[in-house]
Structure formats: structure tokens, C-alpha cells
Amino acid sequence: MASTIHHLREPPDPPDDQSRAVASAYDRSAKRWHATRTELPVNLRQLLNRMLIDCPPAPVVLDVGCGSGIPITRYLVEVGCLMTGLDASGALLEIARREVPEASFLQGDMRLVEPGGSFDAIIAWDSVFHVPRADHAAVFARFASWLKPHGSLLVSLGGSEWEGTSEMMGETFFYSGYAHTESLRLLREAGFDLLNHEIDDPSSRGHLAVLARKGASGHE
Ligand SMILES: C[S@@+](CC[C@H](N)C(=O)[O-])C[C@H]1O[C@@H](n2cnc3c(N)ncnc32)[C@H](O)[C@@H]1O
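What counts, and at which threshold
- Residues numbered from 1 in each chain as written.
- Predicted model: local features only at pLDDT ≥ 70, side-chain atom pairs only at ≥ 80, totals over all residues.
- Helix = DSSP H or I, 4+ residues; strand = E, 2+ residues; numbered from the N terminus.
- Contact = placed C-beta atoms within 7 Å.
- Near = placed C-beta within 6 Å.
- Nonpolar A, V, L, I, M, F, W, Y, C, P; charged D, E, K, R; others polar.
- Expected span 1.5 Å × (residues − 1).
- Buried ≥ 20, exposed ≤ 12 C-beta atoms within 10 Å, placed from the backbone.
- Arc of directions from axis to C-beta.
- Core = buried A, V, L, I, M, F, W, Y, C linked by C-beta atoms within 7 Å.
- Pairing = 2+ DSSP bridges.
- Right-handed = clockwise from strand over helix to strand, strands pointing away.
- Axes fitted to C-alpha atoms, helices over the stretch in contact; angles between N-to-C directions.
- Parallel < 35°, antiparallel > 145°, perpendicular 65-115°, else oblique.
- Left-handed = near helix turned anticlockwise from the far one by under 90°.

Chemist: Looking at this structure, I do not really get the overall build of the protein chain. What am I missing?
Modeler: A count of helical and extended segments in the protein chain gives seven helices and nine strands. In the protein chain, the share of contacts with a sequence separation of at least 24, taken over all contacts with a separation of at least 6, comes to 69%.

Chemist: How should the site of the ligand be read in this particular structure?
Modeler: Near the ligand, the surroundings consist of 22 residues, among which Gly65, Gly67, Ser89, Ser127 and His130 are the closest. No other element matches the four residues that helix H1 (residues 17-28) contributes to the shell around the ligand. Of the residues belonging to the shell around the ligand, the class tally is 11 nonpolar, six polar and five charged.

Chemist: Mind showing me how you'd approach H1 here?
Modeler: Turn by turn, an α-helix covers 3.6 residues, leaving residues three or four places apart pointing in a common direction. Given a rise of 1.5 Å per residue, 12 residues ought to cover 16 Å, and the 16 Å separating the end C-alpha atoms of H1 matches this to within 8%. Within the sequence span of H1, burial applies to Ser19, Val22, Ala23, Ala25 and Tyr26. Buried residues of H1, seen end-on, are gathered within an arc of 160° and therefore sit on one face of the element. Summarising the contacts, the buried residues of H1 are in contact with helix H2 (30-36), helix H5 (90-99) and strand E7 (171-177).

Chemist: I would appreciate a short explanation of H5 in the present structure.
Modeler: What H5 keeps buried is the set Leu92, Leu93 and Ala96. An end-on view of H5 places all buried positions within 95° of arc, on one side of the element. Tucked into the core, H5 has its buried residues touching H1, H2, helix H4 (72-78), strand E2 (82-87) and strand E3 (104-107).

Chemist: Sorry, what's going on with the nonpolar core here?
Modeler: The nonpolar side chains of a soluble globular protein tend to be buried with one another. Grouped together as the largest cluster of nonpolar side chains are 57 residues, with contacts concentrated most on Val61, Phe119, Ile122, Ile123, Phe143 and Leu153. When neighbours within four sequence positions are excluded, leucine 153 is seen to be in contact with Ile122, Phe143, Leu147, Phe192 and Ala212.

Chemist: Help me understand unusual backbone geometry, please; the structure alone is not making it clear to me.
Modeler: For residues that are not glycine, phi is negative in most cases, and the peptide bond is trans in most cases. In this model, isoleucine 70 is joined to proline 71 through a cis peptide bond whose omega is 5°. Counting through the fold element by element, proline 71 comes out in the loop between strand E1 (60-64) and H4.

Chemist: Sorry, what's going on with the pairing of E3 here?
Modeler: Regular strands show a simple pattern: their side chains alternate between the two faces of the sheet. Sheet topology places E2 next to E3; four bridges connect them, and they run parallel. Among the inter-strand pairings, glycine 85 is bridged to a residue of E3, identified as phenylalanine 105. Handedness of the crossover is the feature at issue here: the chain leaves E2, passes through H5, returns alongside E3, and the resulting connection is right-handed.

Chemist: When you look at the environment of threonine 36 in this model, what are you seeing that I'm missing?
Modeler: Among the structural elements, threonine 36 can be located in helix H2. Between the C-alpha atoms of threonine 36 and isoleucine 70, which are 34 residues apart in sequence, the distance is 9.5 Å.

Chemist: Honestly, the packing of helix H6 (residues 136-146) against helix H7 (residues 180-189) in this entry has me stumped. Any pointers?
Modeler: A pair of packed helices can be characterised by two numbers: the angle between their axes and the separation between those axes. Their axes nearest at 9 Å, the elements H6 and H7 cross at an angle of 40°. Our classification of the angle between H6 and H7 gives oblique. Both H6 and H7 take part in a crossing whose hand is right-handed. Of the residues in H7, those touching H6 at His136, Ala137 and Phe140 are Leu186, Leu187 and Glu189. Residue classes in the contact of H6 with H7 are distributed as four nonpolar, one polar and one charged.

Chemist: Teacher, can you tell me more about the environment of threonine 38 here?
Modeler: Looking at where threonine 38 falls in the secondary structure, it is placed in the loop between H2 and helix H3 (42-53). A tally of 8 C-beta atoms within 10 Å means that threonine 38 is categorised as exposed. Placed 34 residues apart in sequence, threonine 38 and isoleucine 72 show a C-alpha to C-alpha distance of 9.8 Å.

Chemist: Is there a simple way to think about the pairing of strand E5 (residues 147-157) in this case?
Modeler: Burial analysis of E5 places eight of its 11 residues in the buried class, which makes it a mostly covered element. In terms of strand pairing, strand E4 (residues 119-124) meets E5 through five bridges, oriented parallel. Paired with phenylalanine 119 across the strands is leucine 147, a residue of E5.

This is how it looks when you write it as C-alpha cells:
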């Protein structure tokens, strides 16, 4: 599909133990994770639809940390997007390739990989919070550089000043985030105009969903 990605480089190795540990934990729990991802939550569907309003027909979209492709990559294919999924976990990508055969998939670390081409929109749902926060500014700058002018970004973040590990499905996962204000500042600094941001799960540590558009000053 997205003809823009045919010249992909080989996936680099994750750069540090934490990243390797996160990818390995998802590899080991891939089937269990996939089993939890069924319905697309209403609030997420609304955010995705809002993201698409600003896109041309048949937009070229990158799903960063796509997991098993369910429900997000699948939904975006169904509404006419040309999808590329990027993820660090080979086991999750194996499921994603089966579940969403219409999409292209690429294995790698969002801090290192070059997806090639440029995108009308990027969704990074619940993936950036696995990256050490010291790298968040660089990740946002990379997202800006992968987007076409005025491209859309929908990103979720942990939304609190916290770094540590937490248990899920019997595995230990690393999480990292800044306070909301700092995350929003970093996104602006990377060249994004912020359209909407909301704490969409008050029961969590302040899960933050941000819809943004690459502004005139966004990195090329
Ligand atoms: C909580 S899951 C979310 C998956 C999917 N976005 C969803 O909502 O179902 C986090 C995903 O991010 C991926 N991930 C974590 N760190 C990553 C990194 N540095 N580069 C690329 N993917 C990463 C994991 O392998 C996992 O699939």
C-alpha cells in the first residue's frame, strides 16, 4: 500500500536495555495483549475522526506503536486510510500483519527507524510513554519531520511527571512521562500547533490525549 515506504531501511536494534525489555515483554505477552484489544473506545473513535477531518481523501497515515493493529490500524483502514504500522515488537507485528493485511508494517524503534516518505497524519497511541522522557522531544521532532506540511498528529502520553515500571499481564513494563504542561510545551517546541488536549482517563495517572497539527515552523 503506501507507495511511500518501499525503500525502508533494515530495523535497527533497540538502543538500550529498557527499550529491549519493553519490546521483549510485548513479545512474550503478544497474544494476551491482542486479546484485550477488541472494541475501539468511543472517545478514541471520536479523536481519530477529528484527526481525519483535516486530512485529504485516502490519507497516508502512520501508526506508531501499532501493536497488534487492533483496533486502531484496522479502523483507519476501514475508513479509507493508507496505513503503515510501526512497532518494536515482532510478535505483535506478526499478529498485525494477519489482522490487517491491507496495511504495511515495519519493525523498529520510533527513536531510530526511518519510515520513509511523508504522512498526512500520525497516530501514536499509548506508545510514547514507553520511551524514556529524555527522548520525548526528539521523538516529537521526528514525528514533525515525517509529516507533510499541516499534517495531523494524535498522540497519547502518560501525562504525569513519573518514570518507573508497572506490572501488566504478569510482565514488567517501563513507563516515562512529564507533567501535562511540559509535554505540551515540548510538542509546541517541535513545531506543532495544539488543537485539542484532554485528560481522557481521569482514573489513570492522567492519561493525556493531544491532537495537534504541524505548523508553519514544523521541522521538514
Ligand atoms: C500499550 S501498547 C499500544 C498498542 C496500540 N497503539 C494500541 O492502542 O493497541 C504500546 C505499543 O508500543 C510499542 N512500543 C513501545 N516502545 C516502542 C518504541 N520505542 N518504538 C516503537 N514501538 C514501541 C509496543 O511494542 C506496543 O505495541
